[in-house]
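# Analysis of the macromolecular model
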Amino acid sequence: AYLAKPFRRAQLEAVLRLGDPMGNAAPAAAPIVVPSAAALPLLDRLRFDDSFGDATSLQRTEVIELTLAGLASFEADHQASKGSLRSQLHRLASAVGIVGCMRLSAQARALERELIERAATEASPSLSAGQLEPLMHTLVDTRLTLKSLLTKVSNYVAVQETARC
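Below, the structure is looked at part by part. (Residues numbered from 1 in each chain as written. Predicted model: local features only at pLDDT ≥ 70, side-chain atom pairs only at ≥ 80, totals over all residues. Heavy atoms only, no water.)

Another point: the overall build of the protein. What the protein contains, in helices and strands, is six helices and zero strands. In the protein, the order of α-helices and β-strands from amino to carboxyl end is α-α-α-α-α-α. Here the protein holds 165 residues, and 32% of them are scored as buried. A separation of at least 24 residues holds for 70% of the contacts in the protein among residues at least 6 apart in sequence. (Helix = DSSP H or I, 4+ residues; strand = E, 2+ residues; numbered from the N terminus. Buried < 20%, exposed > 50% of the residue type's maximum accessible area, 1.4 Å probe, protein only. Contact = heavy atoms within 4.5 Å.)

Written out as C-alpha cells, the structure is:
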C-alpha cells in the first residue's frame, strides 16, 4: 500500500493496518550496511575547500575547532546516554558532512536509517556496541585528521599574523 504526502496520522495507521494487500511475506531484516573504511575519504579536501573557499584561515580554524567540539560532544552524550541515539547520529552526520568528513557522515547516516527502520517494529530501537564500533573507530581517525589539518591551518594563521606586525 502506498500513501502520498501530506497525510494524516489516521490515514497512515489505516495503511499500516492493511499490511501488504498482495499477501507477500515481509522481507527479512537486512543487515546494517555501513560504508567500509576504504569506501570514502576521512576528509574530502575538495568538499572542505568548496565549502570554505572564501573563508579566511582564522575562520577555517574556527570551523575545524567547532567540528572537533561536536565530535567530543557526540562521544560524551553517547557514553552518558544523553538524548536519543538517533538524534545524536543525525546531528553528527550533518555536522561532519558539511566540512567534508564523508566516511563518518555516511556511517552515522546508515546507523540513523537503521534506527528509523527498527522504530517501525520495536518500541525502543537500539544498536549494540558492536554495531557502533566502526563508527567510533572512524570518529577517532577523523579527529586525528582534523587535528592535523588544524595544525596546518593554525600555522598558516600564525605566519599571516607575524607578517602583519
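Once that is clear, we can look at the packing of helix α2 (residues 45–52) against helix α3 (residues 57–79). Where α2 contacts α3, the axes come no closer than 11 Å and their chain directions differ by 120°. In terms of axis orientation, α2 runs oblique to α3. Here α2 and α3 pass one another in a crossing that is right-handed. Where α2 approaches α3, its residues F48, D49 and F52 are matched on the opposing element by R60, V63 and I64. Here the contact of α2 with α3 is composed, by residue class, of four nonpolar, no polar and two charged. (Axes fitted to C-alpha atoms, helices over the stretch in contact; angles between N-to-C directions. Parallel < 35°, antiparallel > 145°, perpendicular 65-115°, else oblique. Left-handed = near helix turned anticlockwise from the far one by under 90°. Nonpolar A, V, L, I, M, F, W, Y, C, P; charged D, E, K, R; others polar.)

Attention now goes to the pattern of salt bridges. Considering all chains together, one arrives at five salt bridges under this definition. Measuring nitrogen to oxygen at the nearest pair gives 4.0 Å for the salt bridge that ties D77 to R91. One end of the pair, D77, is in helix α3; the other, R91, is in helix α4 (residues 85–98), and 14 residues separate them in sequence. By relative accessible area, D77 is classed as buried at 15%. Taking the relative accessible area as the measure of exposure, R91 reaches 46% and is therefore partly exposed. With its nearest N and O atoms 2.6 Å apart, the salt bridge here joins R118 to E114. Placement of both R118 and E114 in helix α5 (residues 102–119) is noted, with a separation of four residues, approximately one turn of the helix. Overall, the relative accessible area of 18% leaves R118 in the buried class. Looking at E114, the relative accessible area reads 11%, which means it is buried. Several salt bridges converge on common partners, so that one network encompasses R45, D49 and R60. (Salt bridge = Lys/Arg side-chain N within 4 Å of Asp/Glu carboxyl O.)

Topologically, A69 is positioned in helix α3. The class for A69 is partly exposed, based on a relative accessible area of 44%. Distance from A69 to R143, taken between C-alpha atoms, is 9.7 Å for residues 74 residues apart in sequence.

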